[in-house]
Amino acid sequence: MARFRISGIPNALAAEVRQTLRAPAYGHPASREPATGYGPCRHCLRSFAIGREDRILFTYQPFVEPGSLPAPGPVFIHAEDCEHYVGSTLPSDFRTLPLVFEAYRNGGWQAAQERIGTGASDERLEALFDRTGADYVHIRNAEAGCFMARAERLAPVPARR
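Everything numeric in this text was worked out from a predicted model, so none of it was measured. (Residues numbered from 1 in each chain as written. Predicted model: local features only at pLDDT ≥ 70, side-chain atom pairs only at ≥ 80, totals over all residues. Heavy atoms only, no water.)

## A word on the sheet that holds strand E1 (residues 4-7)
The six strands are arranged E5-E1-E9-E8-E6-E7 in an open sheet whose pairing can be described as antiparallel. Every interior strand has two partners, whereas the edge strands, strand E5 (86-87) and strand E7 (109-117), have only one. For E1 and strand E9 (residues 147-153), the ladder comprises four bridges, and the chain directions are antiparallel. The residue bridging Ile6 from the neighbouring strand is Ala151, located in E9. (Pairing = 2+ DSSP bridges. Helix = DSSP H or I, 4+ residues; strand = E, 2+ residues; numbered from the N terminus.)

## Quick word on helix H2 (residues 122-132)
Buried within H2 are the following residues: Asp122, Leu125, Leu128, Phe129 and Thr132. Taken down its axis, H2 places every buried residue within 125° of arc, on the same side. Opposite its buried face, H2 presents the exposed residues Glu123 and Arg131, each directed more than 90 degrees away. Buried residues in H2 make contact with E1, strand E6 (99-105), E7, strand E8 (136-141) and E9. (Buried < 20%, exposed > 50% of the residue type's maximum accessible area, 1.4 Å probe, protein only. Arc of directions from axis to C-beta. Contact = heavy atoms within 4.5 Å.)

## Remarks on the side chain of Asp122
Here Asp122 shows up in helix H2. With residues up to four places along the chain from it excluded, the contact list for Asp122 reads Phe4, Thr89, Leu90 and Arg95.

## Description of the nonpolar core
Burial of nonpolar side chains together is a common tendency in soluble globular proteins. Residues Ile6, Phe94, Leu99, Phe101, Leu125, Val137 and Ile139 are the most contacted members of the largest nonpolar core, which totals 22 residues. Every residue in contact with Ile139, bar those within four places of it in the chain, is listed here: Ile6, Leu90, Phe94, Leu99, Val100, Phe101, Cys146, Phe147, Met148 and Ala149. With 19 residues, the next largest nonpolar core counts Leu13, Cys44, Phe76 and Ile77 among its residues. (Core = buried A, V, L, I, M, F, W, Y, C linked by side-chain atoms within 4.5 Å.)

## Some thoughts on the environment of Asp93
By secondary structure assignment, the location of Asp93 is in the loop between E5 and E6. Expressed as a C-alpha distance, the spacing of Asp93 and Ser47, which sit 46 residues apart in the sequence, is 6.3 Å. Not counting residues within four places of it along the chain, the set of residues in contact with Asp93 comprises Leu45, Arg46 and Ser47.

## Here's the deal with the pairing of strand E3 (residues 54-60)
When strand E2 (residues 31-34) meets E3, the two strands line up antiparallel, connected through four bridges. Across the sheet, Pro34 pairs through a bridge with Asp54, a residue of E3. Pairing of E3 with strand E4 (residues 73-78) involves six bridges; the strand directions are antiparallel. Across the sheet, Leu57 pairs through a bridge with Phe76, a residue of E4.

Read these as spatial facts, not as claims about activity.
This is the structure we're talking about:
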């Protein structure tokens, strides 16, 4: 049974950036260029095909809770439409990337930060949720520090009687 849901940035936000070439909420110019690094795309959560796909770089604010401390930073998405990732497991491309898990409680209060390196697994993410009581986890790139995806704790299913 899935205990968390991982998702990329919302469809509407990715579409807005592709159409306007502007960072949402900030209005900063976004730039389109051939992929020179693995990324990954913050919408489909797949690594880029270096030199074969174009990507868009823009400023993104991953916090949505009122009162949370803003933490805008650079992110990439595919320049062309791609499928939005929502799943109950870490994306396969994430399992070999250097990651940091940042656990938060609602309101943007950080409960823990764990440097995972390249050993990311669903079990490590579940253990972080269990240990901290976090409501969500930001998954970040351990090399660049930038936001990659959000994992949200799913409400526990009541036991049947």
